[in-house]
Amino acid sequence: MITSILEYLESSASRYPDKTAFADLDATCTFEELRLRARRVGTALAEHFAPRNPVPVFMEKSVDTISLFFGIVYAGCFYVLLDTKQPKTRLDHILNTLNVNTLITSMGYDRDLKKIEFAGKVIYLEELEEDNVINENSLMKIKEQALDTDPLYGIFTSGSTGIPKGVIVAHRSVIDFIDVFTETFGITSEDVIGNQAPFDFDVSVKDIYSSIMTGAQLVLIPKEYFSTPPRLLDYLCDKKVTNLTWAVSALTLVSALKGLNYRVPESVKRVMFSGEAMPAKQLRIWQEKLPEAKFVNLYGPTEITCNCTYFPIERQYEDSEKIPAGKAFRGRRVILVDEEGKQVTEPGVQGEICSAGESLANGYYKEPDQTAEKFVLYPVDGTAQRMY
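Residues numbered from 1 in each chain as written. Predicted model: local features only at pLDDT ≥ 70, side-chain atom pairs only at ≥ 80, totals over all residues. Heavy atoms only, no water.

**Some words on the nonpolar core**
Going by this rule: Among buried residues, those of type Ala, Val, Leu, Ile, Met, Phe, Trp, Tyr and Cys that are joined through side-chain atoms within 4.5 Å constitute a nonpolar core. Each residue gets one of three labels from its accessible area relative to the maximum for its type: buried under 20%, exposed over 50%, partly exposed in between, using a 1.4 Å probe on protein chains only. Helix and strand assignments come from DSSP, with helices taken as H or I runs of at least 4 residues and strands as E runs of at least 2, each series counted from the N terminus. Working rule for contacts: check all heavy atoms of both residues, and any pair within 4.5 Å makes them a contact.
Core analysis: the biggest nonpolar cluster contains 88 residues, and Ile5, Phe22, Leu68, Phe70 and Tyr209 have the highest contact counts within it. With 8 residues, helix α3 (residues 63-74) is the single largest residue contributor to this core. If we ignore the near neighbours within four places in the chain, the residues touching Ile5 are Phe70, Val73, Leu152, His171, Val174, Ile175, Tyr209, Ile212 and Met213.

Structure (structure tokens):
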């Protein structure tokens, strides 16, 4: 049984060593280059961090950032991306919650780094790569101690309660979900995935790990391209992107600004969206321009690892209609619970959406009370199961 996401990286590097795995505007890397670079970075990081500890990464999304993520995982730790453009108060809260005295960044972020006035030690990715050495013994010892329940990443929620909480997700949760996700939608090594989501949103988890598991290529689309649809659509066409797993707001921005009248990315065969309700009017524009593509509505919070339900869209919807959330992914159970804590079984009755089964997050980092409140044992199908 696969116990670490790194086994997928090793497998893809073995099967497709010279294939481009990740690309941004400035750099590309093959699967084998990513594997070797990550192992070098992991060797260096292991001297600074003990396994199972958080490693804050102060960078924007890039090939360098992905290489650092996997270096952190080779070191037995888990990564937490800090968006360099977030307000200082939010970044301070995240760093205080993590309670770390070391932060990793790259030399291009010095101006942003001054903003947060971090008092601890700053290590640059460039410094980690100076030695260019892979310590196989060190990495093997870390691997031998690793468990599939070890954290892989932490993502801080948007803070709907006013205080962002760090959702900690394990290797096992990502393995179980991405296995089902790629199988359900037929994502293969032939795909080119166009990444829209920032790396501190778990939509990006589907992009990164679908690539790692299947050998698909992932191209990172700059945020600024979404404000100029012609440049975005040229990029999608030039890169022959086949898969869009985007936020609803990103798709509707393109259609509302009539970007698809300029150019249609005809290589796209799969459009999946989440984050909010998709307006039927905007969806119809995409459907009319890409009549052969599959469209899927996805739903699920960060706490259950990406998504718990999906709905393949088989027709066009009228403006007055709502697009259903669909059915649960294999390995998951989604139910409604009323205010008294009882399962809703009557049609048309409102309840709180609850998800059980595979891929629930480990919980909130250093928030045992919040974790106990939201991740509960509940009798599902006659047996007590952990449920969010």
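**With respect to the layout of surface pockets**
Leftover empty space is mapped by rolling, across the atoms, a probe with the size of a water molecule. Applied cut-off: Here a cavity means grid points, on a 1 Å grid over the protein atoms only, where a 1.4 Å probe fits yet cannot get out; a pocket means an open set of points with protein on both sides within 12 Å along at least five of seven lines; lining residues are those with an atom within 4 Å of a point. Grid points are joined across faces, edges and corners, and a volume is the space filled by probe spheres set on the points. Any residue that is not Ala, Val, Leu, Ile, Met, Phe, Trp, Tyr, Cys, Pro, Asp, Glu, Lys or Arg is counted as polar, Gly included; the first ten are nonpolar and the last four charged.
In this structure, the second largest pocket spans a volume of roughly 440 Å³. As for the second largest pocket, its lining consists of 24 residues, of which Ser4, Leu6, Ile142, Lys143 and Ala146 are closest to the centre. Of all the secondary-structure elements, those providing two or more residues to the lining of the second largest pocket are α1 (5-15), α3 and α7 (136-145). In terms of residue count, α7 provides more of the lining of the second largest pocket than any other element does, 6 residues in total. Of the residues contributing to the lining of the second largest pocket, the split by class is 11 nonpolar, 5 polar and 8 charged.

**Observations regarding the pattern of salt bridges**
As a reminder of what qualifies: What makes a salt bridge here is a side-chain nitrogen of Lys or Arg within 4 Å of a carboxyl oxygen of Asp or Glu, nothing more.
Taken as a whole, this structure holds 20 salt bridges when the rule is applied. Linking Lys88 and Glu117 is a salt bridge whose minimum nitrogen-to-oxygen distance equals 3.8 Å. One end of the pair, Lys88, is in helix α4 (residues 88-98); the other, Glu117, is in the loop between α5 (110-116) and β6 (121-124), with 29 residues separating them in the sequence. Among the ionic pairs, Glu321 bridges to Arg315, the shortest N-O distance being 2.9 Å. Taking relative accessible area as the criterion, Arg315 reaches 41% and is therefore assigned partly exposed. Taken together, the salt bridges that share partners define one network made up of Glu10, Glu32, Arg35, Arg39 and Glu136.

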